[in-house]
Amino acid sequence: MEMQNNFSLKNYNTFGIEAKARQFIAVHSVTELKTVLEQNKLEKKFILGGGSNMLLTKDIEALVIHIDLKGKKIIAEDDDFVWVESQAGENWHEFVLWTIDQNFGGLENMSLIPGNVGTTPVQNIGAYGTEIKDTFVSCEALSITNQETKKFIKEECHFGYRESVFKNEAKDKYVITSVVFKLTKRNHKINTSYGDITAELAKNSISEPTLKDVSNAVIAIRQSKLPDPKELGNSGSFFKNPILLKSDFEKIHQQFPEMKYYDISETEVKVPAGWLIEQAGFKGKRFGNAGIHKNQALVLVNYGNATGQEILNISKDIQETILSTFGIQIEAEVNVI
Ligand code: EPU
């Protein structure tokens, strides 16, 4: 454990933005994390996981604590299910592949999502019809103020679409150190309802897909639409898909009958922000060092030397245009720092 000053975070955020941390330390165990928190009670602190869901627009004038806790294990099982615990610093995709290799079902639709396990509950990550909340059992977290351990069971996490208690009441109060998932050992609930998956499996003539087949299909779809952060800096979907009251949506829909939407409850619909951004003419556009991805308009990309401020400005331009064109407010999904 070594404290470093004026530390570059370029390799610690998937946007690949150059920004400095006033101080930086990586912790490799819960004990180390406790020690750092205790010894730096009065310091301003910033907790850094995989850096896959943030846009750095300035240097971080704080002690950045990088959560590098590794390890995964089976903690219980019966004939049908297995309870698997992963430490927060495990890479999400590697963890998913590890579960699939052992024929444990439940996470396959979320293959290739960037980031680490510890941050997955924060925004209830999801893709292709599955969300973390579907298999999440509990997580352990350490209080930043008094270093006590708290277990959050699923009901306490208040999961919603890209939402949880960790973005609200518990924000900046805890560090998630490990997460437990309940996965199937047999009778897997293969979920291929998402149109893209059905098409990908059909293309490969697979009619009874295994967990691995679904994972491979998801990987192929993501690789065709979403840029690899190692090649082109990005943070996945930059915006959330807006949720509108049906009564408000109906008025907008009359004006734009071709607008895509999904019913999500009796009273609400979700509109794909990617569609709105594409229709507004932004898809594939480049502005200096940054731009909007050519295959998925929800994704903003860094062509190499963009500053966080440049990307933020593009995002604001998109938000204003969507509001003035469609009367719909879209919100950032990534944390703007
Ligand atoms: N669409 C467009 N143009 C675009 C992008 C999308 O018209 O440039 C339309 C598509 O035609 C489709 C609809 O929007 O009808 C939905 O598109 P897609 O299936 O690609 O999903 P999404 O709503 O754009 C969400 C998640 C993704 C996740 C996919 C698949 C959010 C904010 N994003 O995107 O998550 O992979 O569904 O489930 O909910 C992420 O969070 O970083 C992420 C990539």
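Predicted model only: the values in this text are computed from it and were never measured. (Residues numbered from 1 in each chain as written. Predicted model: local features only at pLDDT ≥ 70, side-chain atom pairs only at ≥ 80, totals over all residues. Heavy atoms only, no water.)

A. Structural detail: the UniProt feature "domain: FAD-binding PCMH-type" (unreviewed entry) in the protein chain. Within this structure's numbering, the places UniProt gives as "domain: FAD-binding PCMH-type" (unreviewed entry) are residues 17–186. In residues 17–186, helix accounts for 12% and strand for 37%; the two terminal C-alpha atoms are 43 Å from one another. (UniProt positions renumbered as here; feature names shortened; annotations may be inferred. Helix = DSSP H or I, 4+ residues; strand = E, 2+ residues; numbered from the N terminus.)

B. Looking closely at the sheet that holds strand β15 (residues 262–263). With respect to topology, three strands assemble into an open sheet ordered β14-β16-β15, the strand pairing being antiparallel. Of all the strands in the sheet, just β14 (243–245) and β15 have a single pairing partner and so form its edges. The strands touched by helix α5 (residues 246–255) within the sheet are β14, β15 and β16 (268–270), with β14 carrying the most contacts at an inclination of about 95°. (Pairing = 2+ DSSP bridges. Contact = heavy atoms within 4.5 Å. Axes fitted to C-alpha atoms, helices over the stretch in contact; angles between N-to-C directions.)

C. Up close: the site of the ligand. Every one of the 23 residues lining the ligand counts as a neighbour, but Tyr128, Tyr161, Tyr194, Ser237 and Glu278 are closest to it. In this structure, Tyr128 approaches the ligand through a main-chain N or O atom, which is 2.6 Å from an oxygen atom. Between the ligand and Tyr194 there is a distance of 2.5 Å, counted from an oxygen atom to a side-chain nitrogen or oxygen. Contact with the protein chains removes 85% of the 820 Å² of surface that the ligand exposes when unbound. Mapped by element, the contributors of at least two residues to the shell around the ligand are α4 (211–225), β13 (233–237) and α6 (273–279). Ranked by residues supplied to the shell around the ligand, first place goes to α6 with three residues. Its residues assigned to classes, the shell around the ligand shows 10 nonpolar, five polar and eight charged. (Near = heavy atom within 4 Å. Polar contact = N/O pair within 3.5 Å; in protein donor to acceptor, adjacent residues only side chain to side chain. Areas by Shrake-Rupley, 256 points an atom, 1.4 Å probe, with all protein chains shown as cover. Nonpolar A, V, L, I, M, F, W, Y, C, P; charged D, E, K, R; others polar.)

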